[in-house]
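Residue-level structural notes
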Amino acid sequence: MSTDTLNLTGLRAAPSQVCGAFRLVPLLRETPCLDVRMTPERYQQAYSQVKLDDGTEYWAFIPHGYILDWAKGNEATVSMGGQLKRATQGKSPPEWFTIQTHHRMVKRQNANRVRLLPLHLSMEAFLGLHFGGPDIAWPEYSKYAKRYGLGFRSETAVSGRGLYRFEEALRTFEIHEGQVGVLIYTAEKLASVFVVPTPQDYRLLHQTLLDDFYGELIYRYAVWLNHQELPVKLDVKNARSLSDLRSALQEARTLWAEFSTQGMGLDLLGRSIQREVIYKPAQLRLERFMTDLDLSTTNTIGERLVRSNGEVLYLKTFQLGADQTKRAWWLSQLAKHHWHIDTTAQALNLTRDEVVRGMQRAGFGYLLNPELLKRATRKR
């Protein structure tokens, strides 16, 4: 793992559109991408099982994967016009409960192609955070924790189809010419970022945003809040011609687009991240990351594909809820102090019982010795 900051190198924002609580800000690429393409791969099964290299298994509803193609050298991979494929035959729709098995989150298919499972790539890392549990058999932990570590972990999320008016926003908003991504705000809070290599890829993948999963906070914002009226300052005092009016309008649009990334996106953009390189296609890096765990603000996990010069070719993020952040924070604090509860309590300026109760509230009570947990809760 290494550190970096989350940014939108190589991209610029365009004026936003609003619907209900949603504000969608188009992202345009400054230099056309000619050597990387990303296309969807649909799955029809009710559940998917992903077998990982370390022997663990990841289970989730996975509606689609992405196929990432890249050029060997300087040749372009841009397709001309449409692409015709033979229709899939012989596959009947799922009848009741079907399972599809994948091998790895990122699977190489040939020398210049991999398949990746979007967002699940980063969620799997989040669920596997300190999954082994205590590395020393401290008496404060249960037999289960010593034998199985965390044993089984799960998190919940909300489908894009369950977000109030999100489908309407995606259906009615005009895709900007040259658009390769979108910043998704709910109630003026940056909730998610999605970027792909080319405008053609974005048009193919635009509707897949409905099938992706999102944090619980986005669901609440979408139901209970609305977007704010943010007036745009249009300076036309000295305008004497249509050309002057056009210039003033363009300047207002530019200022507004910059504000949507530099002013409104501070909860995510520019944040420090812990990143892990998953795959290196040619001169590119496919990484998954997590922001620094700050309990006073929202935190994010995600994945990205970047060039050696930092240009972002692919980016997808998931906003963690407060409970999810707290669980990751407790695991990180314990692992940082070798899972010794007294040392952890001293570092956090807490008592041992407060640490025990904090772990219980986070859902990790099953990791603790029952007697220790009983004493800590009885003293309250």
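Everything here concerns the structure above.
Predicted model, so just to flag it, every value in this text is computed and none were measured. (Residues numbered from 1 in each chain as written. Predicted model: local features only at pLDDT ≥ 70, side-chain atom pairs only at ≥ 80, totals over all residues. Heavy atoms only, no water.)

Moving on, we come to the overall build of the chain. Helices and strands together make up the secondary structure of the chain, namely 10 helices and 19 strands. In the chain, which comprises 380 residues, the share counted as buried stands at 47%. Of the contacts made within the chain by residues no fewer than 6 positions apart, 66% connect residues no fewer than 24 positions apart. Just so you have it, the chain exposes about 20200 Å², and 49% of that area is on carbon and sulfur atoms. (Helix = DSSP H or I, 4+ residues; strand = E, 2+ residues; numbered from the N terminus. Buried < 20%, exposed > 50% of the residue type's maximum accessible area, 1.4 Å probe, protein only. Contact = heavy atoms within 4.5 Å. Areas by Shrake-Rupley, 256 points an atom, 1.4 Å probe, with all protein chains shown as cover.)

Among the nonpolar cores identified, the biggest contains 56 residues, and Tyr 58, Phe 166 and Phe 194 are the most heavily contacted of them. Discounting chain neighbours no more than four positions away, the residues touching Phe 194 are Tyr 66, Val 180, Gly 181, Val 182, Tyr 202, Leu 205, Leu 209, Tyr 314, Leu 315 and Lys 316. (Core = buried A, V, L, I, M, F, W, Y, C linked by side-chain atoms within 4.5 Å.)

It is worth spelling out the sheet that holds strand β10 (residues 106-110) at this point. The antiparallel open sheet is built from four strands, whose spatial order is β5-β8-β11-β10. Edge positions in the open sheet fall to β5 (36-42) and β10, since each of these has one partner strand only. Taking each pair of neighbouring strands and ignoring which way they run, the sheet shows an average axis angle of 25°. Inspection of the sheet shows β5 paired to strand β8 (residues 64-70) by seven bridges, in the antiparallel sense. Bridged to Met 38 within β8 is Leu 68. (Pairing = 2+ DSSP bridges. Axes fitted to C-alpha atoms, helices over the stretch in contact; angles between N-to-C directions.)

This part is about a nonpolar patch on the surface. Taken together, Leu 234, Val 236, Leu 242, Leu 245 and Leu 249 make up a surface patch of nonpolar side chains, about 430 Å² in accessible area. On the basis of relative accessibility, which here comes to 35%, the residue Val 236 falls in the partly exposed class. (Patch = residues over 30% accessible without salt bridge, like charges linked within 9 Å, V, L, I, M, F, W, Y side chains within 5 Å. Salt bridge = Lys/Arg side-chain N within 4 Å of Asp/Glu carboxyl O.)

This brings us to the pairing of strand β14 (residues 189-195). The buried fraction of β14 amounts to six of the seven residues, a majority that puts the element mostly inside the structure. Examined bridge by bridge, strand β13 (residues 179-186) and β14 share six bridges and lie antiparallel to one another. Within β14, the residue paired with Tyr 185 across the bridge is Leu 190. Count of turn residues in the β13/β14 antiparallel hairpin: two residues, of which Ala 187 carries a positive phi of about 50°. Across two bridges, β14 lies against strand β19 (residues 312-320) in antiparallel orientation.

Residues in a regular strand point their side chains to alternate faces of the sheet. For β13, the buried fraction is high: eight of the eight residues fall into the buried class. Of the strand pairs in this sheet, strand β4 (residues 22-29) and β13 are connected by seven bridges, and their pairing is antiparallel. Bridge pairing in β13 places Leu 28 opposite Gln 179.

With that out of the way, let us pick up the side chain of Arg 288. Locating Arg 288 in the fold gives a position in strand β17 (residues 285-291). Residue classification places Arg 288 among the buried residues on the basis of a relative accessible area of 12%. From its side chain, Arg 288 meets the backbone oxygen of Leu 121 in a polar contact 2.9 Å long. A distance of 2.7 Å separates the side chain of Arg 288 from the side chain of Glu 124, its partner in a polar contact. Those residues in contact with Arg 288 that lie beyond four places of it in its chain are Leu 121, Ser 122, Glu 124, Ala 125, Gln 274, Arg 275, Glu 276, Ile 278, Gly 302 and Glu 303. (Polar contact = N/O pair within 3.5 Å; in protein donor to acceptor, adjacent residues only side chain to side chain.)

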